[in-house]
Amino acid sequence: MPMKLFKCDETIPEREKHIYIKEKGEDTTQFLPSAHVETIPGSLSERGCSYCGAKLVIGGVLKDTIQLIHGPVGCAYDTWHTKRYPSDNGNFQLKYVWSSDMKEQHVVFGGEKLLKKAMLEAFAEFPDIKRMMVYTTCSTALIGDDIKPVVKEVEKELGDVDIFTVECPGFAGVSQSKGHHVFNMGWMTDKVGTYEPEITSPYTINVIGDYNIQGDTFVLEKYMEKMGVQIIAHFTGNGTYDSLRGMHRAQLNVTNCARSAGYIANELKKKYGIPRIDVDTWGFDYAKEGLRKIGAFFGIEDRAEAVIAEEVAKYESKLAWYKERLTGKKVCIWTGGPRLWHWTKALEDDLGMKVVAMSSKFGHQEDFEKVIARGEEGTIYIDDGNELEFFEVLEMVKPDLVLTGPRVGALVKKLHLPYVNGHGYHNGPYMGFEGAVNMARDMYNAIYSPLMKLAKDDIRARQNKIVIPEENRKLKESKVQQSKSIDITSTEAMPTAVNYAAVESSDLDTQPLLIPDNQPLPQRQQIGGKISAFLEQLPKYLGSFSTEYQMPIICFATIITATIAVKIILAVLDVINEITQLNLVFELTGIGYLIWFVFRYLFKASTRQELAAQISFIQKEIVEGQDS
């Protein structure tokens with residue numbers, strides 16, 4: 001039976017449905033791993049949440065848009081600056097993170113007012129940015145905050161802004177794949193067709209499912225520019241908010257990552273009749289095939305061939321150098337979804353490597369169908385793999401390299417195995433001809449790096465010790481006796497005894513190493529001595545400093561204490577202001593006291609005189625220092 005239950009999964013036998021080992025002569029469609037289903041309780045998943053799929057993967061890549069997360073600040077921070085999505089406008093999308101910063105009181109009393117305040121503040125802080133995306137999170141979805149009316153209020157109040165709502169809390173689906181789907185379908189419904197782009201070429205396309213990881217998009221843009229093809233919109237690498245609104249004007253949808261963006265490509269075909277072609281942009285052969293597909297669609301095959309010839313001449317010899325050194329190396333691919341079937345044949349055909357295990361976090365069964373069809377016999381395929389399964393697989397296949405994300409990469413490095421970041425890359429771009437060489441270079445550097453071999457060497461096992469051979473001991477003793485025989489009252493310099501030592505080690509020659517005592521200490525020991533002396537004197541320095549500058553220190557401490565006290569008071573007042581009932585109580589109390597004061601002191605002449613006397617008394621006591 002090709003479905004496999006790992007030893008580590010004996011307590012959760014349901015995992016057998018998610019693991020497949022390809023065998024000869026099988027109908028692989030009958031043995032597809034279960035995929036895109038809920039994670040089995042007890043299995044430690046590496047998946048991301050639905051909100052992460054919408055914001056981190058797709059929306060957060062846009063280069064001219066405020067990405068406002070309505071929820072606790074952690075949801076914003078966790079999806080900020082974690083992937084390498086550069087842009088040609090100074091990386092605006094990587095520099096900032098926006099959050100409504102919900103606290104416990106907002107969960108209790110609602111966060112819609114807080115959301116509106118955060119939206120207005122964000123637009124005010126970035127007056128040149130007129131586009132925004134607002135995301136719900138688990139907290140705001142659970143309490144029922146309705147963000148769309150708030151968005152309409154802000155759009156009406158500001159007038160010249162456009163805002164897109166993404167209602168996809170983390171718990172909405174089994175993985176980040178749900179977030180991909182929600183974003184795709186929401187954008188298609190709400191925004192596509194609301195903007196008319198400028199057309200500058202008879203050949204127009206949308207590039208769908210490319211997120212410009214370390215410059216991937218720039219590589220594709222270069223190829224299209226040479227072919228005379230205009231890219232209407234990038235979904236969403238180096239893309240703009242308005243260009244995505246004009247996707248309906250493209251003649252062709254070129255889809256790269258089908259799992260994250262195939263939905264919108266299908267909807268554009270249904271509604272606007274725009275055909276879709278799928279391409280693989282990683283690897284030499286795949287890059288050629290993708291350019292030829294686009295050229296054939298527009299009837300400009302000669303332009304495609306010219307680009308291919310130019311790029312091959314530039315990079316083929318470099319790739320061949322790496323292929324010679326990587327052929328036969330075993331690699332595991334543990335990534336999100338489509339890269340499994342994008343990279344498999346590219347590594348095997350272009351570089352002669354052997355893919356021995358694959359794991360997908362959020363792939364669907366159709367993704368496994370593609371990758372299994374491209375894979376070799378004996379390869380292990382895992383859906384929603386966990387760390388214990390990865391340990392077992394590594395023991396089974398003993399790979400030379402693992403292509404995965406930083407979370408699993410940290411595990412792999414602890415086992416002293418080379419890994420390359422398949423999510424954010426090490427030194428990209430990885431797409432196209434240039435990218436294939438970059439990827440080969442990073443894999444070569446990882447596999448052949450001497451650091452991995454050094455990491456495996458436990459220096460604690462070495463038994464280094466100091467010995468004094470008999471002949472050197474006698475020589476030392478004679479020198480010591482000579483030094484003792486010198487008159488200590490002599491004004492001449494007294495010779496110093498010479499100490500000789502021999503270092504004996506299993507790795508080194510056992511011949512005596514002569515080191516005279518009067519030789520200067522190594523620089524490291526000199527620095528260590530200076531640091532030690534400074535630390536010994538540190539209490540004395542601090543004591544004299546505090547004595548000499550006692551008053552400035554007290555003043556400074558007083559200012560800091562007062563500042564903290566004011567901050568605490570203001571924070572308490574902010575919390576009180578958020579509670580509507582307390583505000584009402586304080587207002588009624590103030591009004592009541594004012595009414596009492598007027599009736600008590602201001603209506604009668606006698607009470608007014610009494611008030612004046614009290615004021616006079618206070619003036620004398622405080623200003624003049626008199627006691628009445």
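Preceding this paragraph is the structure being described.
Notes on the structure in this doc start here. (Residues numbered from 1 in each chain as written. Predicted model: local features only at pLDDT ≥ 70, side-chain atom pairs only at ≥ 80, totals over all residues. Heavy atoms only, no water.)

**Structural notes on the sheet that holds strand 11 (residues 354-360)**
Reading across from one edge, 1-12-11-10-13-14 is the order of the six strands in this open sheet, with mixed pairing throughout. Two strands in the sheet have a free side with no partner beyond their single neighbour: strand 1 (19-21) and strand 14 (419-421). Neighbour-to-neighbour, the strand axes of the sheet open up by a mean angle of 15°, direction not taken into account. Strand direction decides the pairing type here: strand 10 (residues 330-335) and strand 11, joined by six bridges, are parallel. Within strand 11, the position partnered with Cys332 by the bridge is Ala357. Along the sheet face, helix 14 (residues 339-351) touches strand 10, strand 11 and strand 13 (401-404) and points at about 165° away from the line of strand 10. Sheet strands in contact with helix 18 (residues 432-448) are strand 13 and strand 14, and its direction is about 130° off that of strand 13. (Pairing = 2+ DSSP bridges. Helix = DSSP H or I, 4+ residues; strand = E, 2+ residues; numbered from the N terminus. Axes fitted to C-alpha atoms, helices over the stretch in contact; angles between N-to-C directions. Contact = heavy atoms within 4.5 Å.)

**Considerations on the side chain of Ser201**
Tracing the sequence through the fold places Ser201 in the loop between helix 8 (177-190) and strand 6 (204-210). Residue Ser201 is classed as buried on the basis of its relative accessible area of 13%. Within the local environment of Ser201, its side chain forms a polar contact with the backbone oxygen of Gly228, the two atoms lying 2.7 Å apart. In contact with Ser201, not counting residues within four places along its chain, are Gly228, Val229 and Gln230. (Buried < 20%, exposed > 50% of the residue type's maximum accessible area, 1.4 Å probe, protein only. Polar contact = N/O pair within 3.5 Å; in protein donor to acceptor, adjacent residues only side chain to side chain.)

**Some points on the sheet that holds strand 2 (residues 66-70)**
Strand order in the open sheet formed by four strands is 3-2-4-5, and the pairing between neighbours is parallel. Strands with a single pairing partner mark the edges of an open sheet, and in this sheet they are strand 3 (98-99) and strand 5 (162-166). Pairing of strand 4 (residues 131-136) with strand 5, which is carried by five bridges, proceeds in the parallel orientation. Bridge assignment links Met133 to a residue of strand 5, and that residue is Phe164. Across the sheet, helix 8 lies against strand 4 and strand 5, angled at about 145° from strand 5, the strand it touches most.

**Digging into the packing of aromatic side chains**
Inspection of every chain in the model, using the stated rule, returns 27 aromatic pairs. Considering the side-chain rings of Phe164 and Trp187, the 5.0 Å spacing of their centres and the 80° angle between planes classify their relative orientation as edge-to-face. Note that Phe164 is positioned in strand 5 and Trp187 in helix 8, a separation of 23 residues in sequence. For the pair shown, Phe164 and Trp187 are each scored as buried. A cation over an aromatic ring shows up here: Lys370 above the ring of Trp341, its NZ or CZ 4.1 Å from the ring centre. (Phe/Tyr/Trp six-rings, centres within 6.5 Å; stacked < 30°, edge-to-face > 60°. Lys NZ or Arg CZ within 6 Å of the ring centre and 35° of its normal.)

**Points about helix 13 (residues 301-326)**
The terminal C-alpha atoms of helix 13 lie 33 Å apart, and with 26 residues this falls more than 12% below the ideal 38 Å at 1.5 Å per residue. At Tyr315, helix 13 shows its largest kink, close to 45°. For helix 13, the complete set of buried residues consists of Ala304, Val307, Ile308, Glu311, Val312, Tyr315, Leu319, Tyr322 and Leu326. Buried positions along helix 13 lie against helix 9 (216-227), helix 12 (284-298), helix 14 and helix 18. One or two residues past the end of helix 13 sits Gly328, with phi positive at roughly 90°. (Expected span 1.5 Å × (residues − 1). Bend = angle between axes of the 7 residues up to and from the residue.)

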